[in-house]
Amino acid sequence: MNKFRTALAATLLGATAMAAPAQADVKIGLLGGVSGPIAAMAPAMIDSARLAVQQVNDNGGILDGEKLVAVIGDSACNPQNGTDAATKAVNIENVVGIVGPHCSGSVLAAANSVTIPAGVTIISPSGTSPEISGLNDNDTVFRTVPSDDFQGRALARTLLLRDTAKVAVAYLNNDYGKGLAESFRDEFEGNGGEIAGFAAHEGEKASYRSNLAELASGGADTLVIFDYGDGSGLTMLRQALENGFFTNFVGGDGMKSDAPIKELGAENLTTFLSSAPVGEKSDSLEMFGKAFAEIGGDPAAIFATTSYDAAFMLALAIEKAGGDKAKVSASLREISNGEGEPIRAGEWAKAKELIAAGTAIDYKGAAGDHNFDDKGDVPGTYALFKVSGDNFEVVTEIQ
Amino acid sequence: MGALEIINFYLVPGIVIGSIYALGAVGITLVFSILRYAHLAHGDLATLGAFLALGAVTLGGVSPYVALPVAMVLTAAAAVMIDKAFYAYLRERPKIVTVMASLGVALMVRAIVQVVWGVDSETYTRGIVRPDVWFGIRLRDRELITIFAMIGLVLALHVFLQQSKWGKAMRAMSDNPDLALLSGVDNKKVVMLTWIIVGGLCAAAGVFLGLNYELKAMMGWTMLLPMFAAAILGGVGRVEGAVLGGLIVGIAEEMSTLFLPTEYKAATAFAILLLMLLVRPTGLLKGKVL
């Protein structure tokens, strides 16, 4: 019995030694909406970020051959969980930088209350609210996805070009929905369109029929939904279709989720269009696509490219900064400012050599060139998608 | 706006969601009056019931209506086990301890649902159902079934409480547990019976919510506040009050969009709850004040 106990104790001790990372590891936080309304999108985003981490470790590691470790946290797409996850990453895990959080509300809360005071650099791959540009962040908040200000305006112009001049707008009452809806309204009305209904709704309610009836009473036959396709956006879409409130539906990037196709059926979604950011065709995008497909990922999944780029750029910045937390944000600008030797997705070994030699590098990512403006934002390209088979298919590029 | 439009898009959805709230509120009111605490895991127990029915639908290939009794039995068993594992131990402590424990149970139940079924939205059947039109009123079969099932279940419960020996024992314990014990009522059995009924009703609320809308891991939790508002509005301990309260809360939520900006819809139940506690804490039908 005693022997057994000793053996058990030894095993347990051994296990803790294995579980604790070696001192030399460099940790980054990977905060995502693992649970909550974008839970259906989060896995591809997290997998693509981990692909970047894996490529770093497979090609010589970070700094002096150390291992880059991604610590995953659940920001649950809301401000409270975003703050909790960021606090844990910054104070307990002592991360050098953070990829994420995923949703705008989480980004704003985590940045304001945790990462800006701690001086930790964060790169959100999907926090798209225009509010994020305005953060007083000492240059520590970046994103690899364009602000919704671009998307809302581009979508408004595209709808007007397609002769849709009268719409009703339903948006989720959070930072994401509100930001997108307001940019959309501004541009749509500014260019002669008519908004025949404009209303926020709370997420996760069971019935939106009265909301939809209110919106439909304005007489528009097109409903623009700025919500999440796996959350209340799905419920709204279903109830609008079932009751015939509207005939045409247009969604923002949040609505481009598999959930509506899976739950409502593609045959019912023939009049559903959705805008989403797309990567411009580039070698880098192809290289990412190939690598991601090899590990079983879908390169076309929404925000997969931006998540990958965010993680890869954070790794480059850490390498450039020599692991110094305070220098990460300045280094992030240096590795992708349009000047220097181009580095494409996955070219870690090459980048590492150049950084060691002191040569300037310029990351050309899968989602774009990512030359940050002074607010840490990137410009974007969008496309309008329609449902085709069990997938989304590009209808037209939008500017 | 015509009368038909008000009926179709405000009243009918209000009655359907109100019926679902009512099923939940009846359970809450029973726990409130017999066990004397607010059971915060009620919503997540409903989620569990809805997903158990989904399990029966996907594994057994049966219709959700066949899965309903299966889910009710399984959820009742789960409720009894939760009581034995967590609440029984705390029964002699101050009630607030049990209330907090039930919050913990709520998180655990939800986590189990998320681990087993994932966090995506699910439905019992794929596709959309357009309503049938009866003299201008748009109704779906599932909406009628929801309303009639609610009425049927509540009537059965009412007869049980009024007529049967065990129903009377439950009412006796609700009035005065010590006196009931002295009169030979087995408190433990009554507690178990309460959980069986509450679990079954929870599952019914969850299944009907999933049937009319979608199944989500958070579906029950977001229903908790309206269900509590309904139970208190009707009067704690009053089954018929809970039904009335549920319908009023459901209809008020949908109708509120006529007068208020739509983002305040979710706050309607909360406003009703506050107002009732201030003006008439016994509820519409003179319930208990705890």
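Just so it is clear, the structure is predicted and the values come from calculations on it, not from any experiment.

A. Structural detail: the overall build of chain B. Secondary structure assignment for chain B yields 11 helices and two strands. Seen in sequence order, chain B has helices and strands lined up from the N terminus as α-α-α-α-β-β-α-α-α-α-α-α-α. A compact globule built from 290 residues would reach a C-alpha radius of gyration of about 19 Å, and chain B, at 19 Å, matches this within 12%. For chain B, the spread of C-alpha atoms along the three principal axes comes to 60 × 50 × 35 Å. A buried classification covers 53% of the 290 residues belonging to chain B. For chain B, the share of sequence-separated contacts (at least 6 apart) that also reach a separation of at least 24 residues comes to 77%. If you sum the accessible surface of chain B, you get close to 12300 Å²; carbon and sulfur atoms cover 71% of it. If you average the places of the 22 positive and of the 17 negative side-chain charges in chain B, the two averages end up 8 Å apart.

B. Spotlight on the interface of chain A and chain B. Between chain A and chain B, the contact holds 40 residues from the first and 37 residues from the second. Roughly 3200 Å² of surface becomes buried between chain A and chain B when both sides are summed, with 44% attributable to carbon and sulfur atoms. The largest share of the area that chain A buries against chain B comes from Lys-205, Arg-209 and Glu-242 of chain A, three residues that together contribute 20% of it. Summed over the shared surface of chain A and chain B, the result is six salt bridges. Between Glu-143 of chain B and Arg-209 of chain A there is a salt bridge, and its shortest N-O distance comes to 2.9 Å.

C. Fine view of the environment of Thr-140 of chain A. By secondary structure assignment, the location of Thr-140 of chain A is in the loop between strand S4 (121-124) and strand S5 (141-143). The sequence separation of Thr-140 of chain A and Thr-121 of chain A amounts to 19 residues, and the corresponding C-alpha distance is 4.5 Å.

D. Layout of the packing of helix H3 (residues 64-87) of chain B against helix H4 (residues 95-117) of chain B. Residue and element names in this part refer to chain B. Following both chains from N to C, one finds H3 and H4 inclined at 130°, their axes separated by 11 Å at the closest point. In terms of orientation, H3 and H4 fall into the oblique class. By crossing handedness, the relation of H3 to H4 is classed as right-handed. Across the interface between the two elements, Ile-82, Phe-86 and Tyr-87 from H3 touch Thr-98, Ala-101, Ser-102, Val-105, Met-108 and Val-109 from H4.

E. Spatial organisation of the sheet that holds strand S6 (residues 166-172) of chain A. Residue and element names in this part refer to chain A. What the seven strands build is an open sheet, ordered S7-S6-S8-S9-S10-S13-S14; its pairing is mixed. Either end of the sheet is taken by a strand with one partner, and the two such strands are strand S7 (194-201) and strand S14 (391-398). Shown here is a sheet whose adjacent strand axes are inclined to one another by a mean of 25°, direction ignored. The strands touched by helix H7 (residues 209-216) are S6, S7 and strand S8 (222-226); relative to S7, the strand with the most contacts, the crossing angle is about 160°. Its contacts with the sheet place helix H8 (residues 232-243) against S6, S7, S8, strand S9 (248-251) and strand S10 (272-277), and it is angled at close to 170° to S9.

F. Expanded view of the nonpolar core. Counting residues in each nonpolar core, the largest one holds 90 residues, and the members touching the most others are Tyr-124 and Trp-195 of chain B. A per-element tally of this core places helix H1 (residues 3-35) of chain B first, with 15 residues. Among the nonpolar cores identified, the runner-up in size contains 68 residues, and Tyr-171, Phe-249, Phe-272 and Phe-392 of chain A belong to it.

G. Molecular detail of the state of the cysteines. Residue and element names in this part refer to chain A. Going through the model one piece at a time under the given rule, you end up with one disulfide over all chains. The partner cysteine of Cys-77 in its disulfide is Cys-103, sulfur to sulfur 1.9 Å. Between Cys-77 and Cys-103 the sulfur-sulfur dihedral comes to about -95°; the bridge is accordingly left-handed. With a gap of 26 residues between them, Cys-77 in the loop between strand S2 (68-74) and helix H3 (79-92) and Cys-103 in the loop between strand S3 (97-99) and helix H4 (104-118) connect regions that are remote in the sequence. Cys-103 matches Cys-77 in its accessibility class, with the two residues each being buried.

H. Quick peek at a nonpolar patch on the surface. Residues and elements named next belong to chain B. Residues Ile-96, Val-97 and Met-100 make up a contiguous nonpolar surface patch of roughly 260 Å² in combined accessible area. One can find Met-100 in helix H4. Residue Met-100 is classed as partly exposed on the basis of its relative accessible area, which comes to 46%.

I. Inspection of empty space enclosed by the protein at higher detail. Following the criterion strictly, the structure yields five cavities of 30 Å³ or more and no others. Taken as a whole, the largest cavity encloses approximately 170 Å³ of empty space. The wall of the largest cavity is formed by 14 residues, among which Glu-204, Lys-205 and Ala-206 of chain A together with Leu-209 and Thr-222 of chain B lie closest to the centre. Residue assignment for the lining of the largest cavity shows that the elements contributing at least two residues are H1 and helix H9 (219-234) of chain B. The biggest single contributor to the lining of the largest cavity is H9 of chain B, with four residues. Residue composition of the lining of the largest cavity, grouped by class: eight nonpolar, two polar and four charged. Its volume calculated, the second largest cavity comes out at about 100 Å³. Grouping the amino acids of the lining of the second largest cavity by side-chain chemistry returns six nonpolar, five polar and one charged.

J. A look at the pattern of salt bridges. Evaluated as defined, the whole model comprises 31 salt bridges over all chains. Notably, a salt bridge pairs Glu-242 of chain A with Arg-140 of chain B, separated by 3.4 Å at the nearest N-O pair. Placement of the pair is Glu-242 of chain A in helix H8 and Arg-140 of chain B in the loop between strand S2 (137-139) and helix H5 (141-163), with the two residues belonging to separate chains. Given a relative accessible area of 2%, Glu-242 of chain A falls into the buried group. Residue Asp-390 of chain A is joined to Arg-126 of chain B by a salt bridge in which the shortest nitrogen-to-oxygen separation is 3.9 Å. Here Arg-126 of chain B lies in the loop between H4 and strand S1 (132-134) and Asp-390 of chain A lies in the loop between strand S13 (382-388) and S14, a pairing that spans two chains. Accessibility expressed as a relative area gives 55% for Asp-390 of chain A, which makes it exposed. Salt bridges here are not isolated pairs; linked through shared partners, they connect Arg-209, Arg-238 and Glu-242 of chain A together with Arg-140, Arg-142, Glu-143, Glu-214 and Lys-216 of chain B.

K. Spotlight on helix H11 (residues 268-279) of chain B. Residues and elements named next belong to chain B. When the terminal C-alpha atoms of H11 are compared, their 16 Å separation across 12 residues agrees well with the 16 Å that a helix rising 1.5 Å per residue should span. The complete set of buried residues in H11 reads Thr-268, Ala-269, Ile-272, Leu-273 and Met-276. Angular distribution of buried residues about the axis of H11 spans 140°; they occupy a single face of the element. Along H11, the residues that are exposed and aim more than 90 degrees away from the buried face are Leu-275 and Leu-278. Looking at the buried residues of H11, the elements they touch are H9 and helix H10 (239-259).

Definitions and cut-offs
Residues numbered from 1 in each chain as written. Chains lettered and ligands numbered in written order. Predicted model: local features only at pLDDT ≥ 70, side-chain atom pairs only at ≥ 80, totals over all residues. Heavy atoms only, no water. Helix = DSSP H or I, 4+ residues; strand = E, 2+ residues; numbered from the N terminus. Rg over C-alpha atoms; globule rule 2.2 N^0.38 Å. Buried < 20%, exposed > 50% of the residue type's maximum accessible area, 1.4 Å probe, protein only. Contact = heavy atoms within 4.5 Å. Areas by Shrake-Rupley, 256 points an atom, 1.4 Å probe, with all protein chains shown as cover. Lys, Arg positive; Asp, Glu negative; His and termini not counted. Charge placed at Lys NZ, Arg CZ, Asp CG, Glu CD. Buried area = accessible area lost by both parts, 1.4 Å probe. Salt bridge = Lys/Arg side-chain N within 4 Å of Asp/Glu carboxyl O. Axes fitted to C-alpha atoms, helices over the stretch in contact; angles between N-to-C directions. Parallel < 35°, antiparallel > 145°, perpendicular 65-115°, else oblique. Left-handed = near helix turned anticlockwise from the far one by under 90°. Pairing = 2+ DSSP bridges. Core = buried A, V, L, I, M, F, W, Y, C linked by side-chain atoms within 4.5 Å. Disulfide = S-S within 2.5 Å. Patch = residues over 30% accessible without salt bridge, like charges linked within 9 Å, V, L, I, M, F, W, Y side chains within 5 Å. 1 Å grid on protein atoms, 1.4 Å probe; cavity = no way out; pocket = protein on both sides within 12 Å on 5 of 7 lines; lining within 4 Å. Points joined across faces, edges and corners; volume = space filled by probe spheres on them. Nonpolar A, V, L, I, M, F, W, Y, C, P; charged D, E, K, R; others polar. Expected span 1.5 Å × (residues − 1). Arc of directions from axis to C-beta.

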